[in-house]
Amino acid sequence: MGAIVRFIVSAIVLMVVGMLVPGFSRLSFTSALIAAVIIAVMGWVIELLFGKRVSPYSRGIIGFISGVVVIYLAQLFVPGMRVTLFGAILASLVIGLIDLFVPGDVKGNVLGGRRGASERLRDRND
């Protein structure tokens, strides 16, 4: 049940990002839900291949850049999603800002991950 809630919240965040960010198309709820799943899977694959420090869920510059790449590539798999490179940069920034202010326990992770703030802090200290 928690995963479903996380994907619904992620879809809503993507819909809001679509309304706020130029170069990021407005998404229907269905497209946003598909995008949330695709982004979560792509983030998981990046984390699996390169480790947690390169994951889009980390807050460093590498995490930001990988988030941009994941958002930009997601448009290839999501019907109705169109993102310019500038739009992906702004979307990653907005999603990162939302992630700063909304606790991990409440929403999981904006991009569908399961790590809370305490886990990210522990990873940062490793």
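Given the structure is predicted, the values throughout are model-derived calculations rather than measurements. (Residues numbered from 1 in each chain as written. Predicted model: local features only at pLDDT ≥ 70, side-chain atom pairs only at ≥ 80, totals over all residues. Heavy atoms only, no water.)

Trainee: I tried to follow the overall build of the protein on my own but got confused; where do I start?
Mentor: Across its full length, the protein holds 6 helices and 0 strands. Within the protein, the proportion of its 126 residues that are buried is 43%. Nonlocal contacts in the protein, meaning residues at least 24 apart in sequence, comprise 56% of its contacts between residues at least 6 apart. Of the accessible surface of the protein, which amounts to about 6900 Å², a share of 73% is contributed by carbon and sulfur atoms. (Helix = DSSP H or I, 4+ residues; strand = E, 2+ residues; numbered from the N terminus. Buried < 20%, exposed > 50% of the residue type's maximum accessible area, 1.4 Å probe, protein only. Contact = heavy atoms within 4.5 Å. Areas by Shrake-Rupley, 256 points an atom, 1.4 Å probe, with all protein chains shown as cover.)

Trainee: Explain the nonpolar core here, please?
Mentor: Most often, soluble globular proteins have nonpolar side chains that are buried together. Ranked by internal contacts, the top residues of the largest apolar core, which has 23 residues, are Leu14, Val17, Phe24, Leu27, Ile71 and Met81. Secondary-structure elements contributing two or more residues to this core are helix H1 (2-20), helix H2 (29-50), helix H3 (61-74) and helix H4 (85-101). At 6 residues, H2 tops the list of elements feeding residues into this core. Apart from residues lying up to four places away in sequence, Met81 is in contact with Phe24, Ser25, Leu27, Ala35, Ile71, Ala74 and Gln75. (Core = buried A, V, L, I, M, F, W, Y, C linked by side-chain atoms within 4.5 Å.)

Trainee: I tried to follow the packing of H1 against H4 on my own but got confused; where do I start?
Mentor: Axis separation between H1 and H4 bottoms out at 10 Å; the angle between their running directions is 130°. In terms of their interaxial angle, H1 and H4 are classed as oblique. Judged by the sense of rotation from one axis to the other, the crossing of H1 with H4 is right-handed. Residue-level inspection shows Val13, Leu14 and Val17 of H1 in contact with H4, the latter providing Ala91, Val94, Ile95 and Ile98. Across the contact of H1 with H4, the residue classes break down as 7 nonpolar, no polar and no charged. (Axes fitted to C-alpha atoms, helices over the stretch in contact; angles between N-to-C directions. Parallel < 35°, antiparallel > 145°, perpendicular 65-115°, else oblique. Left-handed = near helix turned anticlockwise from the far one by under 90°. Nonpolar A, V, L, I, M, F, W, Y, C, P; charged D, E, K, R; others polar.)

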